[in-house]
Amino acid sequence: MFDSALNPKQRASDLARLGKEDFDVLVIGGGINGVGVALDAVSRGLRVALVETNDFASGTSSRSSKLIHGGLRYLEQYDFKLVREALHERELMVASIAPHLVKPVSFLYPLQEKVKERTYVGAGLALYDALRGFKRTLPGHKHLSQKTVAEIAPSLRNDIITGAVRYFDAQVDDARHTMMIARTAKRHGAVIVTRAKVESLTKKGKRVTGAVVRDLNSKKKVNVKSSTVIMCAGVWSDQLHQEFGITPGYEVKMSKGVHITLPGDAIKASEGIIIKTAVSVLFIIPWKDQWMIGTTDTEYLGEASEPLADRSDVQYIIDQANRVIQPRIKIDQVIGVFAGLRPLVANKKESDTTKLSREHTVDRPVPGFVSLAGGKYTTYRVMAKDAVDMATDDINLNGPSTNNYTTTDTTGWTYVPGSTVKISTGAGGGGGSSWYVGNGTSTITVPNTLGAGTFTYSVAPSYSNGIEVDKNADIKIGDQSLKEFMQTVSDRLAILTPDPVKLEKFAALKAAYDHYKMLEALINEDDDKTQ
């Protein structure tokens, strides 16, 4: 329990559980959308299983630009909602959700005209900064002179570059990040099996009730029972819809994106560079001790599992970069090339089953089956929430608890909402603090030191009186007094369920809040006695 390891022993154990247990949600796909859905669902206290034909992030999710960003190009399309949504997710990932994986990266936007272009680009980046809101982790944009640009990026052509504007986004090892989301879902109780292919769906009437899964190692079939199936198959969506005999409300077209890598000494610059092209933008990204440059955006009609870059793709990237780089990049300097496929979603006009959110689509064509496609890597949490929200129509629940899962604030707190909550701290300096959630299937340890005394705060269906305080002890949790600690708990609950009406819907959170108020009254009563 609470083990995040994904290894042969875990796989064998979870494979056996697939055929023995009943699940609320069966997720098809181990890309960022699939593991994001699994984490969102399990964090709500649902019983979750995930199967992936190959390995985690083996498709699109390992072949991105490895950026967590708002998408500057969407500003020109006036898609402010999408940019604001993505920037909000970027700030969360850098500041609290995954600061060990998502790191800030700065870019120079080179200018070739002194007044008009600087005003235009500056206004756009000012809006980009403003859309992220008031809680800002990354620095804002800054105008740079030609002299400063020459010091930061000597490889930028000083004969045409008159200055630049610096701005910040973030970058991530996409494959590693996807794996860590899968491990987090596993730690909170999800059953996860790779090298397992869904061959067909099981149905009762028109309702999907699970799937027949083949273990690609042993070739044995397993019948998996689940209240709902959520498919996150990306560019394979159309193929699987056809295999399952389901008519979806959308179709997916594949767009190929190619990147090249160069050795670190090929470009002299200490920051990334972004330039506008005729069709999109080109990123020159510092990546460890190398440079990664991309991307392209061309229609792809080949085999989805093996997208390949051709010489024209590589030459296009080099030609675009050479517009501002000196000395010019040569094709024999390229040390690596990779291609990925974007699932671009087009809704079918006659469909009334589909919810389109500009960049991603959630569809429920038949009861018990939901599919998710499209979107940006950055907004995987938003997409996961939308998919699980739609899937809960087929699950016997009061409703979803919250989308604020796996959120760690700057003090080290991590919480995942579920149907039960237990906070307990051991006595003495060697203790810690834990928040148990999801019917006892999840736990997160908070690295705090507890002084003398004991404090237990528990909420569970069978445990109605979980308040125990040693009033004779000077209780400290980390640097917080007991009262300060309880205020932290209150703040967390307020974030989880800011709407009192919603709070009434979720018995566990309501019970948690009621118990908190009881403890608060107890503390206040004790304070009155000492005055």
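Residues numbered from 1 in each chain as written. Predicted model: local features only at pLDDT ≥ 70, side-chain atom pairs only at ≥ 80, totals over all residues. Heavy atoms only, no water.

### Considerations on the overall build of the chain
Okay, so step 1: From N to C terminus, the chain includes 12 helices and 28 strands.
Okay, so step 2: Buried residues in the chain amount to 53% of all 531 residues. (Helix = DSSP H or I, 4+ residues; strand = E, 2+ residues; numbered from the N terminus. Buried < 20%, exposed > 50% of the residue type's maximum accessible area, 1.4 Å probe, protein only.)

### Thoughts on a nonpolar patch on the surface
Okay, so step 1: Together, Tyr 78, Phe 80 and Leu 127 make up an exposed nonpolar region whose accessible area comes to about 310 Å².
Okay, so step 2: Position of Phe 80 among the secondary structure elements: in helix 3 (residues 80–97). (Patch = residues over 30% accessible without salt bridge, like charges linked within 9 Å, V, L, I, M, F, W, Y side chains within 5 Å. Areas by Shrake-Rupley, 256 points an atom, 1.4 Å probe, with all protein chains shown as cover. Salt bridge = Lys/Arg side-chain N within 4 Å of Asp/Glu carboxyl O.)

### So, helix 1 (residues 8–20)
Okay, so step 1: End to end, helix 1 covers 19 Å across 13 residues, agreeing with the expected 18 Å (1.5 Å per residue, within 8%).
Okay, so step 2: Considered for burial, the residues of helix 1 that qualify are Gln 10, Arg 11, Asp 14, Leu 15 and Leu 18. Projected down its long axis, helix 1 carries its buried residues within an arc of 135 degrees, all on one side. The exposed set on the far side of helix 1, more than 90 degrees from its buried face, consists of Lys 9 and Lys 20.
Okay, so step 3: In this fold, the buried residues of helix 1 make contact with strand 1 (22–28), strand 2 (48–52), helix 6 (174–187), strand 7 (191–194), strand 9 (207–215) and strand 10 (221–231). (Expected span 1.5 Å × (residues − 1). Arc of directions from axis to C-beta. Contact = heavy atoms within 4.5 Å.)

### A few points about the nonpolar core
Within soluble globular proteins, side chains that are nonpolar tend to cluster in buried spots.
Okay, so step 1: Core analysis: the biggest nonpolar cluster contains 43 residues, and Val 25, Val 27, Val 37, Val 48, Val 102 and Ile 230 have the highest contact counts within it.
Okay, so step 2: Setting aside residues up to four positions removed in sequence, Val 102 forms contacts with Ile 68, Met 93, Val 94, Ala 170, Gln 171 and Val 172.
Okay, so step 3: If you look at the next biggest cluster of nonpolar residues, it comprises 28 residues, including Ala 153, Ala 164, Trp 291 and Ile 318. (Core = buried A, V, L, I, M, F, W, Y, C linked by side-chain atoms within 4.5 Å.)

### Quick word on the confidence of the model for the chain
Okay, so step 1: Looking at the chain as a whole, its pLDDT mean stands at 79, while 72% of the residues score no less than 70.
Okay, so step 2: In this model, residues 398–479 is a region of pLDDT below 50 whose contacts with residues beyond four sequence positions or in other chains number 222 contacts. (pLDDT = per-residue confidence, 0-100.)

### A short note on the packing of helix 2 (residues 32–43) against helix 9 (residues 380–391)
Okay, so step 1: It is the contact of helix 2 with helix 9, at a shortest axis distance of 8 Å, that shows an interaxial angle of 60 degrees. One element, helix 2, and the other, helix 9, form an angle in the oblique class. The chirality of how helix 2 crosses helix 9 is right-handed. Along its contact with helix 2, which presents Ile 32, Asn 33, Gly 36, Val 37, Asp 40 and Ala 41, the element helix 9 presents Tyr 380, Met 383, Ala 384, Lys 385, Ala 387 and Val 388.
Okay, so step 2: A class-by-class count of the residues in the contact of helix 2 with helix 9 yields 8 nonpolar, 2 polar and 2 charged. (Axes fitted to C-alpha atoms, helices over the stretch in contact; angles between N-to-C directions. Parallel < 35°, antiparallel > 145°, perpendicular 65-115°, else oblique. Left-handed = near helix turned anticlockwise from the far one by under 90°. Nonpolar A, V, L, I, M, F, W, Y, C, P; charged D, E, K, R; others polar.)

### A few points about unusual backbone geometry
Apart from glycine, the bulk of residues carry a negative phi angle, and the bulk of peptide bonds sit in the trans form.
Okay, so step 1: The linkage connecting Gly 294 with the following residue, Thr 295, adopts the cis geometry, with an omega of 20 degrees.
Okay, so step 2: Tracing the sequence through the fold places Thr 295 in the loop between strand 14 (290–294) and strand 15 (298–299).
Okay, so step 3: Note that the residue after Gln 326, namely Pro 327, is joined by a cis bond; omega there is -10 degrees.
Okay, so step 4: Assignment of secondary structure puts Pro 327 in the loop between helix 8 (311–321) and strand 16 (336–347).
Okay, so step 5: We note that Ala 57 has phi near 60 degrees; this positive angle belongs to a residue other than glycine.
Okay, so step 6: Positionally, Ala 57 belongs in the loop between strand 2 and strand 3 (67–68).
Okay, so step 7: One non-glycine residue, Lys 219, lies in the positive phi region at around 70 degrees.
Okay, so step 8: Tracing the sequence through the fold places Lys 219 in the loop between strand 9 and strand 10.

### Here we look at helix 6
Okay, so step 1: Along its 14 residues, helix 6 runs 20 Å from first to last C-alpha, staying within 8% of the 20 Å computed at 1.5 Å per residue.
Okay, so step 2: Among the residues making up helix 6, those that are buried are Asp 174, His 177, Thr 178, Ile 181, Ala 182, Ala 185 and Lys 186.
Okay, so step 3: On its buried side, helix 6 packs onto helix 1, helix 2, helix 3, strand 7 and helix 9.
Okay, so step 4: Looking one or two places after helix 6, you find Gly 189, whose phi comes out positive at around 115 degrees.

### Focus: the packing of helix 3 against helix 9
Okay, so step 1: Their axes nearest at 9 Å, the elements helix 3 and helix 9 cross at an angle of 110 degrees. In this view, helix 3 runs roughly perpendicular relative to helix 9, as classed from their interaxial angle. Residues Glu 85, Glu 89, Leu 92, Met 93 and Ile 97 of helix 3 form the contact with helix 9, whose participating residues are Tyr 380, Arg 381 and Val 382.
Okay, so step 2: Grouping the constituent residues of the contact of helix 3 with helix 9 by class yields 5 nonpolar, no polar and 3 charged.

### Notes on the pattern of salt bridges
Okay, so step 1: Tallied over the entire structure, the rule returns 25 salt bridges.
Okay, so step 2: As a salt-bridge pair, Asp 129 and Arg 132 come within 4.0 Å of each other at their nearest N and O atoms.
Okay, so step 3: Under the relative-accessibility criterion, Asp 129 is labelled buried at 10%.
Okay, so step 4: With its nearest N and O atoms 2.8 Å apart, the salt bridge here joins Arg 157 to Asp 159.
Okay, so step 5: Overall, Arg 157 belongs to the partly exposed group, its relative accessible area being 23%.
Okay, so step 6: One continuous salt-bridge network, built from bridges that share partners, spans Arg 90, Glu 91, Asp 129, Arg 132 and Asp 169.

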